[in-house]
Amino acid sequence: MDVRTAGRRRRGGVLDVLSGGVRFAFYGRTSTVGFQDPVMSVRWQRDVAEDVVAGHGVIVAEFVDVGFSRRLSWEQRPEAAELLVEARTVGRRFDAVVVGEYERAFFGDQFDQVMAELFECGVRLWLPELGGPVDPGDPVVQALMRLLGAQSRREVLRTRVRVLAAMEAQVREQGRFQGGRPPYGYQVVDGGAHPNRVHARWGRRIRRLDRDPATAPWVEWMFARRLSGHSLASIARALNEQGVPCPSGVDPQRNRHRSGQGWALLTVAAILGNPRYTGRQVWNRQRTDRDPTGQAGVRRRVQRWNDRDDWVISKAIVHPPLVDERTFVAVQRIRAMRPTRDGETRTYLLAGLLRCRVCGRRMDCHWVHERAGYRCRHGHSSTRSRPARHPKNLYLREDRLLERLPEVIASVQHMISDPPESPPPQPEALTAFLRLHDLAISCDHSQLTVVADTHALNVPLGPSRQLTLPMEITDPTARRTNAVG
């Protein structure tokens, strides 16, 4: 009797194996190309698989995924997906599938899903950990598969934790450049022999950032321009008018996702907000998330910003600074003083000092009903419809906040100085006190919290720098004819 026919007739039982008659498909995987030798990795996996099927049949087809993570489902791996498609075909080339190592092929609960699909097609799965075919009805096999699945997940998490911990230590203690595109104004140069003596004997060298003579002057110009009170839009406009190449125009090969046509406001903002220009190495500013795209089982990679207190900053200055730290911090707080339609210049005493507790954003200065205020729309803009469950706008009147500042500062002075300093009497002195001690105000619709300003460099954080006070806040959308309050 044909093995395939027997498999289709007995999908719920153990497949009868005819000695020398089973046709196997081999599946292997290597996760990377640059850090693994695909030839050698596949070779040892194939050798293990051949030992498992020796005396039972021969491998007649090979499916190998190179450069794909085990976290991806089989449908997302090209070769694995092709194997599943052929398994459903009547005229398939194989009767069973064998893998070289469980951890190379499966992650999490992938094994149960793949095994069920293959078994439904009359195709059995062979594992070296079992020395033969998998019997899904055997409780011992089920226990072993759960153990292997947990071990595979543990190996991934353990490796991730160890690698990230090592990279964090390298950045903080050594200021090591971890790769990627150099910031505009810098170029990557040779940094000397690798600090690990074994790697150094192999000829490996580290890389570091150095000043780019063509673009560094423009970074310094942008910081000076911003510090003198110019808006981000005016800086970008001036760069475009002078024909200064934007970052993607300078290095189009490494910025293929950008147009390279000119400067944008967000590009200028990103440069002025990058602490690497102070000469310190910074790592973990962004992370890669996998978000669903709408297709079943398919997830796309999305870059997102990490919280500032998750950034890793080197203890020492490790590459030539383009701006000193005092200037950098001052630029983060500045708001351009632009004349209004009536010719007056509006000032906001608390500019840069307010943080929205709902979304973590810095609150925008907002002039409404002839008085200063601050608002946060939690990322919403008028160019798109507001989502149904989007949080309401947060709005604070400056005069109400200034009324509370003396009480707030008096409550935290004993945590800052010993003996406590005298409370500053004027609003300008109150806000200067907050800036001097790197304090900010985190707020939502019900309360205020004094916190250490996480936008400043090397500011220690801790519960001792926090104080929560109630705050009566009114949403301006509830009453459009009268200002808040």
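Just above, that's the structure.
Attention in this report is confined to the structure presented alongside it. (Residues numbered from 1 in each chain as written. Predicted model: local features only at pLDDT ≥ 70, side-chain atom pairs only at ≥ 80, totals over all residues. Heavy atoms only, no water.)

This part is about the overall build of the protein. Each helix and strand in the protein was counted, giving 14 helices and 18 strands. When each of the 485 residues of the protein is scored for burial, the buried share is 41%. The contacts in the protein between residues at least 6 apart in sequence include a share of 61% that link residues at least 24 apart. Total accessible area on the protein is roughly 26,400 Å²; 50% of this is exposed by carbon and sulfur atoms. (Helix = DSSP H or I, 4+ residues; strand = E, 2+ residues; numbered from the N terminus. Buried < 20%, exposed > 50% of the residue type's maximum accessible area, 1.4 Å probe, protein only. Contact = heavy atoms within 4.5 Å. Areas by Shrake-Rupley, 256 points an atom, 1.4 Å probe, with all protein chains shown as cover.)

Further remarks concern the packing of aromatic side chains. Within this structure, the stated rule accounts for 14 aromatic pairs. For the ring pair phenylalanine 24 and tryptophan 126, a centre distance of 4.8 Å and an interplane angle of 85 degrees mean the geometry is edge-to-face. Of this pair, phenylalanine 24 sits in strand 1 (residues 22-30) while tryptophan 126 sits in strand 4 (residues 124-127), placing them 102 residues apart in sequence. Under the relative-accessibility criterion, phenylalanine 24 is labelled buried at 0%. Between the aromatic rings of phenylalanine 106 and phenylalanine 111, the centroid separation amounts to 5.3 Å while the plane-to-plane angle is 90 degrees, which identifies the pairing as edge-to-face. Note on phenylalanine 106: relative accessible area 0%, which makes it buried. Looking at phenylalanine 111, the relative accessible area reads 2%, which means it is buried. Every member of this aromatic cluster is reached through a ring pair, and the members are Tyr27, Trp74, Tyr102, Phe106 and Phe111. (Phe/Tyr/Trp six-rings, centres within 6.5 Å; stacked < 30°, edge-to-face > 60°.)

Position of glutamine 281 relative to the elements: it lies in strand 8 (residues 280-283). Exposure remark for glutamine 281: the relative accessible area of 3% places this residue in the buried category. Of note is the side chain of glutamine 281, whose polar atom sits 2.9 Å from the side chain of arginine 276. Each residue touching glutamine 281, except ones within four places of it in the same chain, is listed here: Val171, Gly175, Arg176, Phe177, Leu209, Arg276, Val312, Ile313, Ser314, Val318 and His319. (Polar contact = N/O pair within 3.5 Å; in protein donor to acceptor, adjacent residues only side chain to side chain.)

Looking now at the environment of leucine 83. Along the chain, leucine 83 turns up in helix 3 (residues 78-87). The class of leucine 83 is buried, set by a relative accessible area of 0%. Linking leucine 83 and phenylalanine 94, residues eleven residues apart in sequence, is a C-alpha distance of 9.9 Å. Once residues within four sequence positions are removed from consideration, leucine 83 is found in contact with Tyr27, Phe63, Trp74, Phe94, Val97 and Leu118.

Below, the discussion takes up the sheet that holds strand 14 (residues 371-376). Across the sheet, three strands lie side by side as 13-14-15; this open sheet has antiparallel pairing. A strand with exactly one partner marks an edge of an open sheet, and here the two such strands are strand 13 (364-368) and strand 15 (394-397). Pairwise comparison of adjacent strand axes, ignoring direction, gives a mean angle of 35 degrees for this sheet. Pairing analysis gives four bridges linking strand 14 to strand 15, with the strands arranged antiparallel. Bridge pairing in strand 15 links tyrosine 374 to leucine 396. (Pairing = 2+ DSSP bridges. Axes fitted to C-alpha atoms, helices over the stretch in contact; angles between N-to-C directions.)

Summarising the element assignment, leucine 396 is placed in strand 15. Classification of leucine 396 by relative accessible area gives buried; the value is 2%. Taking the C-alpha atoms as reference, leucine 396 lies 9.4 Å from methionine 363; in sequence the two are 33 residues apart.

As a further point, take helix 3. Of the positions making up helix 3, those classed as buried are Ala80, Leu83, Leu84, Glu86 and Ala87. Each buried residue of helix 3 lies within a common arc of 165 degrees when the element is viewed along its axis, so the set occupies one face. Those residues of helix 3 hidden inside the fold are in contact with strand 1, strand 2 (57-66), strand 3 (96-99) and helix 5 (110-120). (Arc of directions from axis to C-beta.)

The next point concerns the nonpolar core. Membership of the largest hydrophobic core comes to 27 residues, with the highest contact counts inside it found for Trp74, Leu83, Phe94, Phe106, Phe111 and Leu118. The set of elements that each furnish at least two residues to this core consists of strand 1, strand 2, helix 3, strand 3, helix 4 (102-105), helix 5, strand 4 and helix 6 (139-174). When sequence neighbours within four positions are dropped, the list of residues in contact with phenylalanine 111 reads Tyr102, Phe106, Leu125, Leu127, Val134 and Met145. Formed by 25 residues, the second largest nonpolar core is a distinct cluster that contains Leu350, Met363, Ala372 and Cys376. (Core = buried A, V, L, I, M, F, W, Y, C linked by side-chain atoms within 4.5 Å.)

Here we take up the pairing of strand 1. Along strand 1, eight of the nine residues are buried, which leaves the element largely enclosed by surrounding structure. Both strand 1 and strand 3 contribute to a ladder of four bridges, which runs parallel. The residue bridging phenylalanine 26 from the neighbouring strand is valine 98, located in strand 3.

What follows is about the sheet that holds strand 2. Within a sheet, adjacent strands bond to each other through the backbone by hydrogen bonds, running parallel or antiparallel. Ordered by their spatial adjacency, five strands build an open sheet running 2-1-3-4-5, and the pairing between neighbours is mixed. The open sheet is flanked by strand 2 and strand 5 (132-133), the only strands paired with a single partner. Running at roughly 140 degrees to strand 2, helix 3 makes contact with strand 1, strand 2 and strand 3 of the sheet. Seen against the sheet, helix 5 touches strand 3 and strand 4 and runs at an angle of roughly 135 degrees to strand 4.

This next bit is on the pattern of salt bridges. Tallying each qualifying case throughout the model produces 14 salt bridges. Notably, a salt bridge pairs aspartate 190 with arginine 205, separated by 2.8 Å at the nearest N-O pair. Residue aspartate 190 is found in strand 6 (residues 186-193), and its partner arginine 205 is found in strand 7 (residues 205-211); the two are separated by 15 residues along the sequence. Across the salt bridge formed by arginine 280 and glutamate 325, the nearest N and O atoms sit 2.3 Å from each other. Of this pair, arginine 280 sits in strand 8 while glutamate 325 sits in helix 12 (residues 325-333); the two residues are 45 residues apart in sequence, bridging distant segments of the chain. Using a relative accessible area of 25% as the deciding quantity, one classes glutamate 325 as partly exposed. When salt bridges with common partners are traced through the structure, they connect Arg43, Arg46, Asp47, Glu50 and Glu62 into a single cluster. (Salt bridge = Lys/Arg side-chain N within 4 Å of Asp/Glu carboxyl O.)

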